[in-house]
Amino acid sequence: MGESVLEFKVKDLSLAGKGKLQIEWAKKHMPVLNLILERFRKEEPFKGVKISACLHVTKETAVLMETLKAGGASITLVASNPLSTQDDVAAALVKEGIHVYAWRGETEKEYMMNLRVAAESNPDLVLDDGGDLHTLIHEEYPELAKNVIGGTEETTTGIIRLKAMAKQGILKYPVIAVNNAYTKYLFDNRYGTGQSTIDGILRATNILLAGKTVVIAGYGWVGRGIALRAKGMGANVVITEVNPIKALEAVMDGFKVMPMRKAAEIGDIFVTATGNINVIDREHLGVMKDGAILANAGHFNVEINLKSLEELSISKRTIRPSVIEYVLKNGKKLYLLAEGRLVNLVAAEGHPSEVMDMSFANQALSAKYLIENRGKLKPYLYNVPEDIDTEVAKLKLKAMNIEIDKLTKEQEEYLKSWRWEY
């Protein structure tokens, strides 16, 4: 594996030219972050600030890194998934002076090694996607955790972990839950994951969705987005849920709802989107149709019971890129996509730049907020401040040349009054 003269570790620095073009393409579709970049260049809010980021190393992430660097930050970037790094982008970022320790296909040992590099850079700010870096710092570097001004968390899985840490009184610095911003989860989770998950499945398999039965585990914002797009391509969509309210909503949205045990018998394609473990378990794998396809859209590769899949199989082979064929003892064949990892990032390119524009705008402005409020925030999990969320929406509408109404003075006063006026 090659290293740059600066000892940043990426797969191949000769890919930097290609990566630069990818970043240029993403930047063209991320107008909100571009506006923030120009603002940061003038204000330098991160001058002298060290940032460690554990994010998917994609062209969109590169635009965020450029934005933070323009604000004066020194950045160490590692991958939040062993298979999601775009090596050309990683190489291009090294050429721009970002400390990158990421390559596609990291072993578990290499992944942890890179996380430790990010922790040991003694960061002032920690930007995470999934909670691995936050957790590592708290578990293995408690003294360094005391020096962290604050952090951000990009995804639902990480927020679940951080909530548990905060509840147990373990969290040592304030963290802003970027995923909870309206301009993040309503768009990134629903439209971004919805489109890119279908994109990953199609790139991996090139199958026709029309007429197939697609089983989606989980009807959160990610599940909603996937269901909507699968339905739009002619699939018969089945939802499995444990939450009665979400299940009822899925029914009212026109989808069939049933337990996974029943769905396992009729599904052609299965997509997990819950953030939980063994959602597709041994009992489900054993009754699936011959040729069923398994994909995961959750952060970790734990939603499909891979250990049971191995135990139930007599052989396996890679039949296409990102497609592993398992031959079960009962003679049936199941096809696992992307090794059970995030199918949208492993088999495709992740979320479209347009939605990551808003997600990463929240990341950038939340990081600035943490610096501005240094020492004022307790170790707790905070939502993105409402004014930041609103600002991102306004900037996005402006970039799209869309105008909206404003309340008149009369309307503002009416909304403040409790008396009836006729």
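Before reading on, note that the structure itself is shown above.
Cut-offs used in this document
Along each chain, the written sequence defines residue order, and numbers are assigned to residues from 1. Owing to the predicted nature of the model, reporting of local features is limited to residues with pLDDT of at least 70; listing and counting of side-chain atom pairs is limited to 80 or more, with chain, interface and lining totals taken over all residues. Hydrogens and water are ignored here; the side-chain numbers use all heavy atoms of the structure. Secondary structure elements are taken from DSSP: a helix is a run of H or I of four residues or more, a strand is a run of E of two residues or more, and numbering for both begins at the N terminus. Only the C-alpha atoms count toward the radius of gyration. The rule for a globule is 2.2 Å times the residue count to the power 0.38. Buried residues are those whose accessible area, probed at 1.4 Å on protein chains only, stays under 20% of the maximum for their type, while exposed residues exceed 50% and partly exposed ones sit between those limits. Whether two residues are in contact is decided by their heavy atoms: any pair within 4.5 Å suffices. Each nonpolar core is a collection of buried residues, namely Ala, Val, Leu, Ile, Met, Phe, Trp, Tyr and Cys, held together in the definition by side-chain atoms within 4.5 Å. Note: two strands are recorded as paired if DSSP finds a minimum of 2 bridges between them. Counting of polar contacts relies on pairs of N or O atoms within 3.5 Å, with two restrictions inside protein: one atom must be capable of donating a hydrogen and the other of accepting it, and residues adjacent in sequence are counted only when both atoms are side-chain atoms.

> Looking at this structure, how should I read the overall build of the protein chain?
Within the protein chain one finds 18 helices and 15 strands. The C-alpha radius of gyration of the protein chain comes to 22 Å, within 12% of the 22 Å expected for a compact globule of 422 residues. Counting only C-alpha atoms and orienting by the principal axes, one finds that the protein chain spans roughly 75 × 65 × 45 Å. Counting across all 422 residues of the protein chain, residues that qualify as buried make up 54%. Relative to all contacts within the protein chain whose residues are 6 or more apart in sequence, the contacts with residues 24 or more apart total 70%.

> Would you take a moment to explain the nonpolar core for this structure?
Soluble, globular proteins show a tendency: their nonpolar side chains are buried together. The biggest cluster of nonpolar side chains holds 73 residues, and the ones touching the most others in it are Leu-33, Phe-46, Ile-51, Leu-64, Met-65, Leu-68 and Leu-125. When residues of this core are assigned to their parent elements, the largest contribution, 9 residues, is made by helix α16 (residues 353–372). Contacts of Leu-125, omitting those with residues within four sequence positions, involve Phe-46, Val-49, Lys-50, Ile-51, Ser-52, Ile-149, Gly-150, Ala-367, Leu-370 and Ile-371. With 30 residues, the next largest nonpolar core counts Ile-198, Ala-230, Ile-269 and Ala-297 among its residues.

> Help me out: how do you make sense of the pairing of strand β7 (residues 213–217) in this one?
Looking along a regular strand, one sees side chains alternate from face to face of the sheet. Where burial is concerned, most of β7 is hidden: 5 out of the 5 residues are buried. Here 5 bridges tie β7 to strand β8 (residues 236–240), and the two strands are oriented parallel to one another. Across the sheet, residue Ile-216 finds its bridge partner in β8, namely Ile-239. Here β7 runs beside strand β10 (residues 269–272); their pairing, made up of 4 bridges, is parallel. Within β10, the residue paired with Val-215 across the bridge is Phe-270.

> When you look at the side chain of Asp-357 in this model, what are you seeing that I'm missing?
By the secondary structure assignment, Asp-357 is in helix α16. Take Asp-357: its relative accessible area is 0%, and that puts it in the buried class. Engagement of the side chain of Asp-357 in a polar contact is seen with the side chain of Lys-396, the distance being 3.0 Å.

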